[in-house]
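Understanding the architecture of this molecule
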Amino acid sequence: MSTAASRRRPATIHDVAREAGVSRGTVSRVLNGGHYVSPTAKAAVEAAIRRTGYVVNRHARSLITGRSDSVAFLLTEPQERFFEDPNFNVLLRACTQALADRDIPLILMIAGTEDERRRNLRYIEAGHVDGVLLVSSHSGDPVVTRLHEAGVPVVACGKPLGQTARIGYVAADDREGARDMVRHLYASGRRRIATVGGPLDTPGGVERLAGYRETLAECGLPADEALIATGDYSRASGEEAARVLLERAPDIDAVFVASDLMAQGVLDTLARAGRRVPEDVAVGGFDDSPAALSSRPALTTIRQPWDRISAEMVRTLLARIAGEEPSAVILPTALVRRESA
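Residues numbered from 1 in each chain as written. Predicted model: local features only at pLDDT ≥ 70, side-chain atom pairs only at ≥ 80, totals over all residues. Heavy atoms only, no water.

1. A look at the pattern of salt bridges
Evaluated as defined, the whole model comprises 30 salt bridges. Ionic pairing is found between E125 and R146, a salt bridge with its closest N-O pair at 3.0 Å. With E125 in helix α8 (residues 114–125) and R146 in helix α9 (residues 142–149), this pair connects stretches of sequence that are 21 residues apart. The partner of E240 in a salt bridge is R243, with the nearest N and O atoms 2.4 Å apart. With E240 and R243 both in helix α12 (residues 235–248) and 3 residues apart, the pair spans about one turn of that helix. Note on E240: relative accessible area 38%, which makes it partly exposed. (Salt bridge = Lys/Arg side-chain N within 4 Å of Asp/Glu carboxyl O. Helix = DSSP H or I, 4+ residues; strand = E, 2+ residues; numbered from the N terminus. Buried < 20%, exposed > 50% of the residue type's maximum accessible area, 1.4 Å probe, protein only.)

2. Considerations on α9
Buried within α9 are the following residues: V143, V144 and L147. The buried residues of α9 all sit within an arc of 95° when viewed along its axis, so they share a single face. Against the buried residues of α9 lie β1 (71–75), α8, β3 (131–135) and β4 (154–157). Once α9 finishes, G151 follows within two positions and takes phi at roughly 75°, a positive value. (Arc of directions from axis to C-beta. Contact = heavy atoms within 4.5 Å.)

3. Quick look at the sheet that holds strand β9 (residues 282–284)
Strands sit in the order β7-β6-β8-β9 across an open sheet of 4 strands; the sheet is parallel. The sheet is open, and its two edges are formed by β7 (228–230) and β9, each paired on a single side. For this sheet the average axis-to-axis angle between neighbouring strands, irrespective of direction, equals 15°. Across 4 bridges, strand β6 (residues 193–197) lies against strand β8 (residues 254–257) in parallel orientation. (Pairing = 2+ DSSP bridges. Axes fitted to C-alpha atoms, helices over the stretch in contact; angles between N-to-C directions.)

4. With respect to the nonpolar core
The nonpolar side chains of a soluble globular protein tend to be buried, and buried together. Y212 and V283 are the most contacted members of the largest nonpolar core, which totals 40 residues. Those elements that provide at least two residues to this core are α10 (174–187), β6, α11 (203–218), β7, α12, β8, α13 (260–272) and β9. Ranked by residues supplied to this core, first place goes to α13 with 5 residues. Apart from the residues within four sequence positions on either side, V283 is in contact with V255, V257, A263, V266, L267, L270, V277, L299, T300, S340 and A341. Within the second largest apolar cluster, 28 residues are counted, among which are F88, I110, V314 and V329. (Core = buried A, V, L, I, M, F, W, Y, C linked by side-chain atoms within 4.5 Å.)

5. So, the sheet that holds strand β2 (residues 106–110)
Reading across the sheet, the 6 strands line up as β2-β1-β3-β4-β5-β11 and stay open at both edges, with parallel pairing between neighbours. On the outer flanks of this sheet lie β2 and β11 (328–331), each paired with one strand and no other. Pairwise comparison of adjacent strand axes, ignoring direction, gives a mean angle of 15° for this sheet. The pairing of strand β5 (residues 168–172) with β11 spans 4 bridges and is classified as parallel. Bridge pairing links Y169 to A328 in β11. Sitting on the sheet, α8 is in contact with β1, β2 and β3, with an inclination near 150° to β2.

Structural data, given as structure tokens:
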């Protein structure tokens with residue numbers, strides 16, 4: 001049993017071994033993955049860790065294993081976007097929890113400028129993290145190439161354009177989600193269905209626009225470039241895109257918007273133009289983020305399964321760190337009906 005003296009100082013691996021009634025080597029094997037340890041011994045060691053309050057000395061272990069036992073959450077967007085877009089916070093929180101369940105710290109890094117990108121890549125390439133959860137990658141961005149060439153395990157959130165053979169990724173089915181929304185708008189009697197797409201250097205921007213175009217054709221609606229505007233996923237860009245659409249095509253009766261935050265901007269512009277939602281113009285978003293519920297009216301949207309996306313990103317990254325080949329995971333989306341469409 002642990003003594004009063006041992007409780008006054010930090011518990012050591014020797015204390016855990018004595019408490020569990022096993023060898024120091026058995027404790028070490030449990031701490032390093034539990035290989036070649038019986039379930040009974042593993043349970044005894046885990047119970048002893050809880051009783052003694054033992055905390056792993058990560059620095060000492062990294063000297064032995066060559067690993068940092070930490071992971072980076074690398075967001076390639078400007079800092080203000082991190083605070084504005086609720087999706088990033090939802091994803092960060094879920095990834096942090098998934099890694100905490102494995103006792104692995106997560107380091108937030110934002111690389112929205114060239115200087116930030118250079119500093120963060122230097123830190124990562126120096127081996128201070130074991131792998132990277134890459135969020136919001138853009139085509140042509142050198143980050144993926146640099147990390148790949150440095151041999152850093154990477155898993156992207158969303159299909160990395162032009163890089164799918166190099167790195168693993170976890171994505172919602174953007175194209176099918178867009179198709180579901182446009183089908184819903186068409187089934188409700190809308191025939192002049194416009195869209196506000198995301199940036200065309202991002203997977204969501206490309207895939208959701210493709211789903212919109214395909215479904216218009218499937219429904220027998222003519223392709224009309226006047227009905228397509230593009231934003232950058234910000235609320236302000238949604239406002240401006242809706243203004244452009246109303247100028248080009250004042251007879252629109254529905255708008256599929258590629259993010260909930262942009263959809264809020266679309267609602268603002270429609271309200272200023274005196275258009276009622278959904279009576280005059282139906283609006284559908286994408287993400288089912290907190291922005292969907294705070295909108296007035298509440299947004300009909302496409303739900304991305306953020307908890308599953310986060311869990312799969314963590315799982316596939318840890319598999320990459322363990323030496324497995326890159327893998328791709330595509331998760332289904334779901335239509336969520338609310339008041340806006």
